[in-house]
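Here is what each chain is made of, one letter per residue.
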Amino acid sequence: MEAKHDVLIVGAGLAGMRAAIEAFDAGADVALISKIHPVRSHSGAAEGGINAALGNASEDDPEKHAFDTVKGSDYLGDQDAIQVLCDEAPGDVYQLEHWGAVFSRTEDGRIAQRPFGAAGEPRTAYAADITGHVLIHVLYEQVMKRDLAVYEEWFAWKLVEDEGRCQGVICWDLLNGGLKMVGAKTVILATGGAGRLYTGTTNAYSCTGDGMAMALRMGVPLKDMEMMQFHPTTLSPSGVLITEGCRGEGAYLLNSEGERFLVRYAPNAMELASRDVISRAEQTEIDEGRAIDGNVLLDLRHLGADRIIERLHGTRELSMVFAGVDPIHEPIPVRPGAHYHMGGIDTDVDGKTVLEGLYAAGECACVSVHGANRLGGNALMETITYGKRSGRAAAEWALANTVVAPPESALTDAEQKLQALLDRTDGERPHAIRDEMAETMHENFGVFRREDQMRRQGEIVAGLLERYENVVVEDKGSVFNSDLTQALELEFLLELASCMVEAGLARRESRGAHARPYDYPNRDDESFMKHTLVTWADGRPQLTWEPVRVTKWQPQERTY
Ligand SMILES: Cc1cc2nc3c(=O)[nH]c(=O)nc-3n(C[C@H](O)[C@H](O)[C@H](O)COP(=O)(O)OP(=O)(O)OC[C@H]3O[C@@H](n4cnc5c(N)ncnc54)[C@H](O)[C@@H]3O)c2cc1C
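The rules behind each value
- Residues numbered from 1 in each chain as written.
- Predicted model: local features only at pLDDT ≥ 70, side-chain atom pairs only at ≥ 80, totals over all residues.
- Heavy atoms only, no water.
- Helix = DSSP H or I, 4+ residues; strand = E, 2+ residues; numbered from the N terminus.
- Rg over C-alpha atoms; globule rule 2.2 N^0.38 Å.
- Buried < 20%, exposed > 50% of the residue type's maximum accessible area, 1.4 Å probe, protein only.
- Contact = heavy atoms within 4.5 Å.
- Areas by Shrake-Rupley, 256 points an atom, 1.4 Å probe, with all protein chains shown as cover.
- Near = heavy atom within 4 Å.
- Polar contact = N/O pair within 3.5 Å; in protein donor to acceptor, adjacent residues only side chain to side chain.
- Nonpolar A, V, L, I, M, F, W, Y, C, P; charged D, E, K, R; others polar.
- Axes fitted to C-alpha atoms, helices over the stretch in contact; angles between N-to-C directions.
- Parallel < 35°, antiparallel > 145°, perpendicular 65-115°, else oblique.
- Left-handed = near helix turned anticlockwise from the far one by under 90°.

A.B. asks: Explain the overall build of the protein to me, using residue names and the numbers behind them.
C.D. replies: Within the protein one finds 15 helices and 19 strands. Relative to the compact-globule value of 24 Å for 560 residues, the protein shows a C-alpha radius of gyration of 22 Å, a close match. Along the three orthogonal principal directions, the C-alpha set of the protein runs to about 65 × 50 × 50 Å. Classification of the 560 residues of the protein by burial places 62% in the buried group. For the protein, restricting intrachain contacts to residue pairs at least 6 apart in sequence, the fraction spanning at least 24 positions comes to 74%. When the accessible surface of the protein is totalled, it reaches about 19700 Å², and 48% of it is carbon and sulfur.

Pasting the structure below:
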């Protein structure tokens, strides 16, 4: 075994690093594992901002934040978890500021807050449109300042369970090759999202759902996996995100007739309705022929050059580089793209899973604060607040439970399995399977869902899983073998796709991101105020349900 720690965190994005800092400060021996350098984690790409009811731009309070989040979730979010998030958010944002986060400011020097979709108040704190970049560097500094180990460019592949407890992680060392086992009294998964399930996605290449799939293999249920958020403004054709901050600053969405079409879908909130509502409106415009090359237009021109350059300079640059369009002079072509997984590893409000010693936080987890639709700005807040909480809970448990002894046989089993993959010389290369998965997920499990298409997708994914059994890794080397790690990521993704389709078929209603306009166009609170829970058995997903935790907000009709 390589080493042992009290708390071992897989993932060094915002959730993982915030957890590490908290666990370290609680007195634990802490280590982080990351398959890429920590500051290259996808958190660093976040643009628009982070939600906390600071009340700097209006009379706001955590109660209003909680209500907007519950409503935004289409009443699928667990209300106790949402309340925790909204109550702790202001303190957690000031903590980031005190660590050195340079938020944009109001005239009188307080943290500025911009309006975001489906938020009743301007609540989103931001650092221009590079909020994630700023926050990830601040947390990395705090990690560097502390004496904790970072296993950088180590690819976590399997969790180790013994005597009913999670006792460590088996990783592939990307620089030197070889599998290494790291023992731990507690493991926190903070591996981020899985947008790479789809062709058009805002997510980085590293967002392949590894932690979700690793937990699934340990018998830990995944919750609400049908809930993939499509962001309404992703750049065509690359899928690069154009931040909701543009609409927060007043940008319009137009169809091919130059009409602000949201007047027909969300007449009050218009461009600031929630993401699921706007993505559906756009998809309808596109499907009904009021699009330009499959896109609608995001128009910033009336904001003026000064405001665009001051507040949205990153957006301008992305548009010029990736679409050849300068938003000062021309509208930006956009369409819905896969953006955020509301579903994930089922945890309680301290990040605990059903497997003793295993915790999860950030996008890979499902607490659930986002339910069927996440509000912009709430994901960054979740990484911080729930990263902190899981770090603290894991440290406390680890310090009270002293023995860790992961069996060496776990490592030898894993080595045999990996060798079998590397020894295979005849078969299919992974990329064809990956492309087919991503294209068909887009086609059959996208913004709108039909029963027949979902069934077909279930069969397609099952077929791809079978083909995966024969996959060939051509690079047999040990230094930066991305051919190998991409093959391992593909297996993770295929299992997750399978879980998503299973859960999607079972949810016979339309709620948030799960829209079935052709057979179940309405939300059905009578039958479906409950979460899907998927486990893996006999090579396929198995489904159960769990009621939503409602505290004080009874479901109402959701209009914007
Ligand atoms: C383009 C973009 C813009 C966004 N903008 C906003 C915004 O403005 N506001 C907002 O609230 N939300 C935003 N979001 C969502 C939000 O940024 C993410 O949900 C959040 O940052 C995820 O953080 P995380 O720490 O959970 O995961 P990540 O930041 O994705 O980090 C995952 C970590 O896990 C590691 N990892 C993964 N698999 C393995 C493995 N097998 N072995 C070892 N390490 C592994 C990676 O190396 C990485 O360090 C945005 C998302 C995108 C894609």
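A.B. asks: Can you lay out the environment of C171 for me, pointing to particular residues and giving the numbers?
C.D. replies: Relative to the assigned elements, C171 resides in strand β8 (residues 165–173). Taking C-alpha positions, C171 is 27 Å from T201, a pair spaced 30 residues apart along the chain. Sequence-distant contacts of C171, defined by excluding residues within four places in its chain, comprise I33, W154, F155, A156, W157, G178, L179 and K180.

A.B. asks: Which residues make up the site of the ligand, and what values do they have?
C.D. replies: Not every one of the 38 residues close to the ligand is listed here, only the nearest: S41, H42, S43, D210 and E363. Residue K35 places a main-chain N or O atom 3.0 Å away from a nitrogen atom belonging to the ligand. Backbone polar atom of A156 to a nitrogen atom of the ligand: 2.8 Å apart, as the coordinates give it. For the ligand, whose accessible area on its own is 1000 Å², the fraction buried by protein is 98%. Residue assignment for the shell around the ligand shows that the elements contributing at least two residues are α1 (14–25), β2 (30–34), β7 (154–162), β14 (332–341) and α10 (378–400). Here the element with the most residues in the shell around the ligand is α10; it accounts for four residues. Class assignment of the residues belonging to the shell around the ligand gives a composition of 16 nonpolar, 17 polar and five charged.

A.B. asks: I'd love a proper account of the packing of helix α2 (residues 62–72) against helix α3 (residues 79–98), names of residues and values included.
C.D. replies: In contact at an axis separation of 9 Å, α2 and α3 are set at 140° when each is read in the N-to-C sense. Comparing their axes, α3 and α2 come out oblique. Where α2 crosses over α3, the two elements pack in a sense that is right-handed. Residue-level contacts link P62, E63, H65, A66, T69 and V70 of α2 to Q79, I82, Q83, C86 and D87 of α3. Its residues assigned to classes, the contact of α2 with α3 comprises five nonpolar, four polar and two charged.

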